[in-house]
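Working through the structure, step by step
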Amino acid sequence: MADPPGCCSTCATCLLCPYSCQWITAKKEKRKGLRTTKYDCSWFLFLFCVFLFTLVWLYFAIIILNDFHNFNEFIFRQKKLWLDWSLVLLIATAVLISYSSVLILPGLQDAVCFPNCPVRAPQVLLILTALVVAAAFTGLGIKWAEEWKSAWISLQATGPFLHIGAVGGMTLLAWPLASFIYRTRSLRVFVLLVYCAAMIALYLAPLGITSPCIMEENQLPPKPALVGHRGAPMLAPENTLMSLHKAVDCDVQVFETDVMVSADGVPFLMHDEELTRTTNVQAVFPERAALNSTAFNWTDLQQLNAGSWFLERKPFPTVQNLSPDDRQEAAEQRIPSLEQALEAAKHSNLSIMFDLRPENHSDYQNFVNVTLEVILQSGIPLQQVLWLPDGFREDVKQQAPGVQHIYGRKRVENEKEPVVHVNLPYQDMSSEEIRQYRQDNISVNLYVVNQPWLFSVLWCSGVSSVTTNACQVLKEMEHPIWLLPSSTYFMIWIVVDCVSLLIIIWAFVLMK
């Protein structure tokens, strides 16, 4: 084998160390390096697949950050342990992708500079990496299957850019591939055919890439209205009056909350069936902390602090940036009654949308009647009340005919009364369905939307409103993250493919 190029000889020793690459320098061997065996090739192929596998997991990890607060709440309800598990996810993913990169990048360098050198990655750690990523995907599929839909939606935001990145990455592989083909007789035809097929598929991939944000500027629908999920939970303790006022500051049009009814018949704001996550009930009533929220009377509930947990557990990173005044206000928050929330919403000209929980309670009909009584006595215009509960909906229509009814399902054929407003998880509606509902004058609210990329896709699709934890972020967006006319995207597609083809041809000519 010829001497390595000068540009590679200095750094090659360091790059080869992770792979225990040994060289025979004796003159009797005429500088022939150790031959790469099929075993070595198999392990390098496995290394490359693990690297791609880990890269895909990194993509998934970034996508599921939109919904990770739900996972944190789920873990707390199961284990009574609060931790921002998204940090654990990101750190673990960063370690895996860094380790895979440390292995794969020198390997590709060796394939060009030292094509006959066997590449032996640390096999046990490599297998462990593959198993960890496989376990992560398996757990995602079993416990959080709806995130597969989230990943599919994300391709509408990232598809054009992933295509460019994939073409660029595969183009760079032309150098080690050309080195392999020119210096190896076995399997080179098969490898070349596979590479060509992959490149052709990538070149034609935009034919299958669809995104609602590939449109002309004048076709962009109006910006979706913002619905504050339990208020503004990144800026104040959820389901408190402070959270409602912070939502108003974010230009939120609807305050979304959850209502329960106390043992003595007072509707109040609370999401969880237990009080342990968002109050100090364990300190005040330790022997009753595990009871359902509806088992407490209003006098007991008023003794609880509903804001100190927010400062202690820091459910969102934004808590660290609160001003001293906001911290003081948060620390003093109490559980608000529905009457207090309606009064605040009325003065702020804010609509209020709520669920009435728990739906399976034996006294649920009385809950409905008590809640309606509070609404009617509050004096709030009924069109500002958005009713979500399905139970006893007909009774609600009779007692409060002005209330707006929001349905947590899609419309069905031959309905007696047409559905005008729907409230669904963002994973449950496609862009085509959103456009069709918009054409039929059906208001669509999707939840929970926190990331700008997701908000951009839904904006381009024409959704009416979104429920969000991050109202302070989405408020500042005056335009989707990207918007491309179809002619511009077509031009980018053709230029990228042509440049890639020229580089590949140049690589094969140069390596020969």
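Given the structure is predicted, the values throughout are model-derived calculations rather than measurements. (Residues numbered from 1 in each chain as written. Predicted model: local features only at pLDDT ≥ 70, side-chain atom pairs only at ≥ 80, totals over all residues. Heavy atoms only, no water.)

Our next topic: the overall build of the protein chain. For the protein chain, the helix and strand inventory stands at 20 helices and 9 strands. Here the protein chain, with 512 residues, has 48% of them falling under the buried criterion. Restricting the contact set of the protein chain to residue pairs at least 6 apart, pairs at least 24 apart contribute 69%. Working note: accessible area of the protein chain is about 25,200 Å², and carbon and sulfur atoms make up 61% of it. (Helix = DSSP H or I, 4+ residues; strand = E, 2+ residues; numbered from the N terminus. Buried < 20%, exposed > 50% of the residue type's maximum accessible area, 1.4 Å probe, protein only. Contact = heavy atoms within 4.5 Å. Areas by Shrake-Rupley, 256 points an atom, 1.4 Å probe, with all protein chains shown as cover.)

Attention shifts here to the state of the cysteines. With the rule as written, the count across this model stands at 1 disulfide. At a sulfur-sulfur separation of 2.2 Å, the disulfide partner of cysteine 213 is cysteine 460. Taking the torsion about the S-S bond as the criterion, the cysteine 213 to cysteine 460 disulfide, at about 95 degrees, is right-handed. With a gap of 247 residues between them, cysteine 213 in the loop between α8 (188-204) and β1 (225-229) and cysteine 460 in helix α18 (residues 452-461) connect regions that are remote in the sequence. You can call cysteine 460 buried: its relative accessible area is 1%. (Disulfide = S-S within 2.5 Å.)

With that out of the way, let us pick up the nonpolar core. Grouped together as the largest cluster of nonpolar side chains are 69 residues, with contacts concentrated most on Ile352, Leu446 and Leu458. Once you skip the residues sitting within four places of it in the chain, leucine 458 turns out to touch Tyr426, Ile434, Leu446, Val449, Val463 and Val466. Membership of the second largest hydrophobic core comes to 17 residues, among which are Val167, Leu173, Ala174 and Tyr203. (Core = buried A, V, L, I, M, F, W, Y, C linked by side-chain atoms within 4.5 Å.)

What follows is about the UniProt feature "transmembrane region" (unreviewed entry) in the protein chain. The UniProt feature table records "transmembrane region" (unreviewed entry) at residues 41-65, 85-104, 124-142, 162-182, 189-209 and 490-511. Annotated as 100% helix and 0% strand, the span residues 85-104 places its first and last C-alpha atoms 28 Å apart. Helix makes up 76% of residues 189-209 and strand 0%, whereas the separation of the span's terminal C-alpha atoms amounts to 30 Å. (UniProt positions renumbered as here; feature names shortened; annotations may be inferred.)

Applying the stated rule across the entire model yields 19 aromatic pairs. Aromatic side chains phenylalanine 137 and tryptophan 148 sit 6.0 Å apart centroid to centroid with 15 degrees between the ring planes, which places their arrangement in the stacked category. Highlighted residues: phenylalanine 137 in helix α5 (residues 123-143) and tryptophan 148 in helix α6 (residues 146-172), separated in sequence by 11 residues. Judged by centre distance (6.0 Å) and plane angle (50 degrees), the rings of phenylalanine 285 and phenylalanine 296 are tilted. With phenylalanine 285 in the loop between α10 (281-284) and α11 (298-301) and phenylalanine 296 in the loop between α10 and α11, this pair connects stretches of sequence that are 11 residues apart. (Phe/Tyr/Trp six-rings, centres within 6.5 Å; stacked < 30°, edge-to-face > 60°.)

Summed over all chains, the structure comprises 16 salt bridges. For arginine 230, the salt bridge identified is with glutamate 238, shortest N-O distance 3.2 Å. By relative accessible area, glutamate 238 is classed as buried at 7%. A salt bridge links glutamate 433 to lysine 410; its shortest N-O distance comes to 2.9 Å. Separated by 23 residues along the polypeptide, glutamate 433 in helix α17 (residues 431-439) and lysine 410 in the loop between β6 (404-405) and β7 (421-425) bring together distant segments of the chain. (Salt bridge = Lys/Arg side-chain N within 4 Å of Asp/Glu carboxyl O.)

So, about the pairing of strand β2 (residues 254-261). Judged by how many residues are buried, β2 sits mostly within the fold: 8 of 8 residues are covered. Burial along β2 is two-sided: Val254, Glu256, Asp258 and Met260 facing one way and Phe255, Thr257, Val259 and Val261 facing the other are all buried. Pairing of β1 with β2 involves 3 bridges; the strand directions are parallel. When the sheet's bridge partners are listed, histidine 229 is paired in β2 with glutamate 256. Bridge count between β2 and strand β3 (residues 267-269): 3 bridges; the pairing is antiparallel. When the bridges of β3 are listed, methionine 260 appears paired with phenylalanine 268. (Pairing = 2+ DSSP bridges.)

For the rest of this paragraph, the subject is empty space enclosed by the protein. Per the stated rule, a full pass over the model turns up 2 cavities of 30 Å³ or more. As for the largest cavity, its lining consists of Glu238, Asn239, Thr240, Leu269, Met270, His271, Thr278, Ala306, Ile335 and Pro336. The residue inventory of the lining of the largest cavity, partitioned by class, reads 5 nonpolar, 4 polar and 1 charged. What lines the second largest cavity is simply Asn66, Asp67, His69, Asn70, Val448, Asn450 and Asn469. When the residues that make up the lining of the second largest cavity are grouped by side-chain class, the tally is 1 nonpolar, 5 polar and 1 charged. (1 Å grid on protein atoms, 1.4 Å probe; cavity = no way out; pocket = protein on both sides within 12 Å on 5 of 7 lines; lining within 4 Å. Points joined across faces, edges and corners; volume = space filled by probe spheres on them. Nonpolar A, V, L, I, M, F, W, Y, C, P; charged D, E, K, R; others polar.)

Another point: a negative patch on the surface. Side chains of Asp249, Asp251, Glu476 and Glu478 sit close together on the surface and give a patch of like negative charge. If you trace the backbone, aspartate 251 turns up in the loop between α9 (241-249) and β2. (Patch = residues over 30% accessible without salt bridge, like charges linked within 9 Å, V, L, I, M, F, W, Y side chains within 5 Å. Lys, Arg positive; Asp, Glu negative; His and termini not counted. Charge placed at Lys NZ, Arg CZ, Asp CG, Glu CD.)

The next subject is the packing of helix α14 (residues 338-347) against helix α15 (residues 364-378). For the pair α14 and α15, interaxial distance at closest approach is 10 Å and the crossing angle is 35 degrees. Along this stretch, α14 crosses α15, giving a crossing that reads as right-handed. When α14 is examined against α15, the residues Leu338, Glu339, Leu342, Glu343 and Lys346 are found in contact with a partner set consisting of Thr371, Val374, Ile375 and Ser378. Split into classes, the residues belonging to the contact of α14 with α15 amount to 4 nonpolar, 2 polar and 3 charged. (Axes fitted to C-alpha atoms, helices over the stretch in contact; angles between N-to-C directions. Left-handed = near helix turned anticlockwise from the far one by under 90°.)

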